[in-house]
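Next come the chains, spelled out residue by residue.
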Amino acid sequence: MSDERKIPRGVEGHEPFSTWHDDPEKPSATARADALGATVIAYLITGPAVFGAIGFGLDKLLGTGFIVVLGILAGMALSLYTIWLRYGTS
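Trainee: Could you clarify how one ought to interpret the overall build of the protein chain in this entry?
Mentor: A tally of regular secondary structure across the protein chain gives 3 helices and 0 strands. When the helices and strands of the protein chain are placed in sequence order, the string is α-α-α. By the burial criterion, 12% of the 90 residues in the protein chain qualify as buried. Long-range pairs, those at least 24 residues apart, make up 47% of the contacts in the protein chain between residues at least 6 apart in sequence.

Written out as structure tokens, the structure reads:
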């Protein structure tokens, strides 16, 4: 078995990929942290937006003016709970 390192296509003359990154299949810690932060922010925005929109629709349908606030608060609470369940418990 040879210990030959393959050079990725299109980068002839440069160092092999495995010399500057240990495992090409595994993202770096910085990339994982960036993805985690983006996911958490997406949860925090999407939850209140979706439940607020549902509340807005119910407000228009029922002729009230307070359900949108309840929807936004419920969306934020559910978003925080989802984040806590998914990432807060180790």
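After that view, the rundown keeps rolling.
Trainee: Before we go on, may I ask you to explain helix α3 (residues 67-88) in this structure?
Mentor: Turn by turn, an α-helix covers 3.6 residues, leaving residues three or four places apart pointing in a common direction. Given a rise of 1.5 Å per residue, 22 residues ought to cover 32 Å, and the 30 Å separating the end C-alpha atoms of α3 matches this to within 8%. Those residues of α3 that are buried are in contact with α2 (29-62).

Trainee: Help me understand the environment of Leu44, please; the structure alone is not making it clear to me.
Mentor: The residue Leu44 is located in helix α2 in this model. Sequence separation between Leu44 and Leu80 is 36 residues; the distance between their C-alpha atoms is 7.1 Å. Setting aside residues no more than four positions away along its own chain, Leu44 makes contact with Met76, Ser79, Leu80 and Ile83.

Trainee: Help me out: how do you make sense of the confidence of the model for the protein chain in this one?
Mentor: Residues shown with low pLDDT carry predicted positions that ought not to be read at fine detail. For the protein chain, the mean per-residue pLDDT works out to 81, and 71% of the residues sit at or above 70. Summarising per-element confidence for the protein chain, the mean pLDDT is lowest in helix α1 (residues 17-20) (49) and highest in α3 (94).

Trainee: What should I look at first to understand the side chain of Asp59 in this one?
Mentor: With respect to the secondary-structure elements, Asp59 resides in helix α2. For the buried Asp59, which has no salt bridge, the nearest side chain bearing the opposite charge is Lys60, at an N-O separation of 8.0 Å. Excluding its chain neighbours within four sequence positions, the residues that come into contact with Asp59 are Thr64, Gly65, Phe66, Ile67 and Val68.

Trainee: Just checking my understanding: could you explain the packing of α2 against α3 for this structure?
Mentor: Helix-helix packing is described using two parameters, namely the angle between the two axes and the distance between the axes. For the pair α2 and α3, the least separation of the axes is 7 Å and the interaxial angle reads 155°. The angle between the axes of α2 and α3 places the two elements in the roughly antiparallel class. As for how α2 packs across α3, the hand of that crossing is right-handed. Class assignment of the residues belonging to the contact of α2 with α3 gives a composition of 17 nonpolar, 8 polar and 2 charged.

Trainee: I would appreciate a short explanation of the environment of Ala49 in the present structure.
Mentor: Its location among the elements puts Ala49 in helix α2. Overall, the relative accessible area of 45% leaves Ala49 in the partly exposed class. Separated by 19 residues in sequence, Ala49 and Val68 place their C-alpha atoms 10.0 Å apart.

Criteria and thresholds
Residues numbered from 1 in each chain as written. Predicted model: local features only at pLDDT ≥ 70, side-chain atom pairs only at ≥ 80, totals over all residues. Heavy atoms only, no water. Helix = DSSP H or I, 4+ residues; strand = E, 2+ residues; numbered from the N terminus. Buried < 20%, exposed > 50% of the residue type's maximum accessible area, 1.4 Å probe, protein only. Contact = heavy atoms within 4.5 Å. Expected span 1.5 Å × (residues − 1). pLDDT = per-residue confidence, 0-100. Lys, Arg positive; Asp, Glu negative; His and termini not counted. Salt bridge = Lys/Arg side-chain N within 4 Å of Asp/Glu carboxyl O. Axes fitted to C-alpha atoms, helices over the stretch in contact; angles between N-to-C directions. Parallel < 35°, antiparallel > 145°, perpendicular 65-115°, else oblique. Left-handed = near helix turned anticlockwise from the far one by under 90°. Nonpolar A, V, L, I, M, F, W, Y, C, P; charged D, E, K, R; others polar.

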